[in-house]
Amino acid sequence: MGAVKTKRMPRAVREQQMLDAAVRIFGRRGYMAASMDEIAELAGVSKPLVYLYLNSKEDLFTACIRREAAALTEAVRGAVGPGLPADRQLWDGLQAFFAHTAEHPDGWSVLHLQARTHGEPFAAEVAAMRADIVAFVTRLVAVAAREAHRDPDLPEREVAGLAEALVGAAESLAAWANATPGVTARQAAATLMNFAWSGLGNLMEGRVWTPPAEQG
């Protein structure tokens, strides 16, 4: 009897296995300390095959960033249902964000820590993802606020600043939640809602805080 032939794994499936292994190694060891030998061993393939599929360590890291960024953005966008009240949309989006970062800690480490600390082109990939999320939150808040107090001229810059601050707070809180045992995605989302919504809620009703006049 001849040897039983095993079914060849599709290239796309094999490549995802390599990316899974790479995200784990990059996320836990960092870009500089990670080796292609480790990644190949964890993926169960030869190092030459990793190079054949993904060209270089830099290209592999870039592919990891793009995949993890796309997955996080899709998770947040997919959780926000159109037509719901603004606070519910924000709540759903935040829960999805914290759930995803908790379920994929290595991917979040790649995005939040590793990619940002190794310069271009890695930082630019993360900046593009972040800009997309900030723009999404900006539109959500702007539309709801304008409808709430019927002000079509509500400054986009004011809303964009709030969205930028909110996304920054979410990033920091996700890093803290992942490092703190027992903190759930729901708890992290509730913490940020309690911190941010009083200000956003006032904006929805057209009530804004103004700084005191400068004294000459």
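Data block above holds the structure.
Residues numbered from 1 in each chain as written. Predicted model: local features only at pLDDT ≥ 70, side-chain atom pairs only at ≥ 80, totals over all residues. Heavy atoms only, no water.

Chemist: Can you tell me about the overall build of the protein chain, naming the residues and giving the values?
Modeler: Broken down by element type, the protein chain carries nine helices and zero strands. The linear arrangement of helices and strands in the protein chain, starting from the amino end, is α-α-α-α-α-α-α-α-α. Counting across all 216 residues of the protein chain, residues that qualify as buried make up 41%. Excluding contacts between residues fewer than 6 apart, the proportion of contacts in the protein chain whose partners are at least 24 apart in sequence is 71%. Of the roughly 12,300 Å² of accessible surface on the protein chain, 56% is carried by carbon and sulfur atoms. (Helix = DSSP H or I, 4+ residues; strand = E, 2+ residues; numbered from the N terminus. Buried < 20%, exposed > 50% of the residue type's maximum accessible area, 1.4 Å probe, protein only. Contact = heavy atoms within 4.5 Å. Areas by Shrake-Rupley, 256 points an atom, 1.4 Å probe, with all protein chains shown as cover.)

Chemist: An account of the packing of helix α1 (residues 11-29) against helix α6 (residues 105-114) is needed here, citing residue identities and associated values.
Modeler: At a minimum axis distance of 8 Å, the contact between α1 and α6 shows a crossing angle of 50°. Considered as vectors, α1 and α6 are oriented oblique to each other. The element α1 and its partner α6 pack so that their crossing is left-handed. On α6, the residues that touch V23, R24, F26, G27 and R28 of α1 are D106, G107, S109, V110 and Q114. (Axes fitted to C-alpha atoms, helices over the stretch in contact; angles between N-to-C directions. Parallel < 35°, antiparallel > 145°, perpendicular 65-115°, else oblique. Left-handed = near helix turned anticlockwise from the far one by under 90°.)

Chemist: Break down the packing of aromatic side chains for me, with residues and values.
Modeler: By convention here, two paired aromatic rings are described through the distance between centres and the angle between planes. Applying the stated rule across the entire model yields seven aromatic pairs. A ring pair is formed by F61 and F122, whose centres lie 4.7 Å apart and whose planes are at 80°; its orientation type is edge-to-face. Residue F61 is located in helix α4 (residues 57-79), and its partner F122 is located in helix α7 (residues 122-149); the two are separated by 61 residues in the primary sequence. Taken individually, F61 and F122 each receive the classification buried, so the pair is uniform in this respect. Seen in terms of ring centroids, F97 and F98 are 5.3 Å apart; in terms of plane orientation they differ by 80°. Their pairing is edge-to-face. Note on F98: relative accessible area 2%, which makes it buried. By the ring-pair criterion, three or more aromatic residues cluster together here, those being F26, Y31, F61 and F122. In this arrangement the basic side chain of K57 is found over the ring face of Y31, its NZ or CZ atom lying 4.8 Å from the centre. (Phe/Tyr/Trp six-rings, centres within 6.5 Å; stacked < 30°, edge-to-face > 60°. Lys NZ or Arg CZ within 6 Å of the ring centre and 35° of its normal.)

Chemist: Account for helix α2 (residues 36-43), with residues named and values stated.
Modeler: Where α2 is concerned, the buried positions are M36, I39, A40 and A43. In a view along the axis of α2, the buried residues occupy a sector of 95°, so they form one face of it. Of the surrounding secondary structure, the elements contacted by the buried residues of α2 are α1, α3 (47-54) and α4. (Arc of directions from axis to C-beta.)

Chemist: Explain unusual backbone geometry to me, using residue names and the numbers behind them.
Modeler: What you tend to see is this: most non-glycine residues have negative phi, and most peptide bonds are trans. Positive phi values are uncommon outside glycine, yet N55 reaches one of about 75°. Within the fold, N55 resides in the loop between α3 and α4. The exposed category is assigned to N55, whose relative accessible area is 54%.

Chemist: Can you explain α4? Please cite residues and give values.
Modeler: Taking 1.5 Å per residue, 23 residues should reach 33 Å; α4 reaches 33 Å between its end C-alpha atoms and fits that length. Three or more residues of α4 are buried, namely K57, L60, F61, T62, C64, I65, E68, A69, L72, T73 and V76. (Expected span 1.5 Å × (residues − 1).)

Chemist: Which residues make up the nonpolar core, and what are the values?
Modeler: Grouped burial of nonpolar side chains is what soluble globular proteins tend to show. In this structure, F26, L60 and F98 are the most contacted members of the largest nonpolar core, which totals 58 residues. In terms of residues, this core owes the most to one element, α7, which gives 10 residues. With sequence-adjacent residues up to four places away left out, L60 is seen in contact with L19, A22, F26, M36, I39, V50 and L54. (Core = buried A, V, L, I, M, F, W, Y, C linked by side-chain atoms within 4.5 Å.)

Chemist: Please set out the side chain of H100 residue by residue, giving values where relevant.
Modeler: Inspection of the secondary structure assignment puts H100 in helix α5 (residues 86-103). Not counting residues up to four positions away in its chain, the partners in contact with H100 are A71, L72 and A75.

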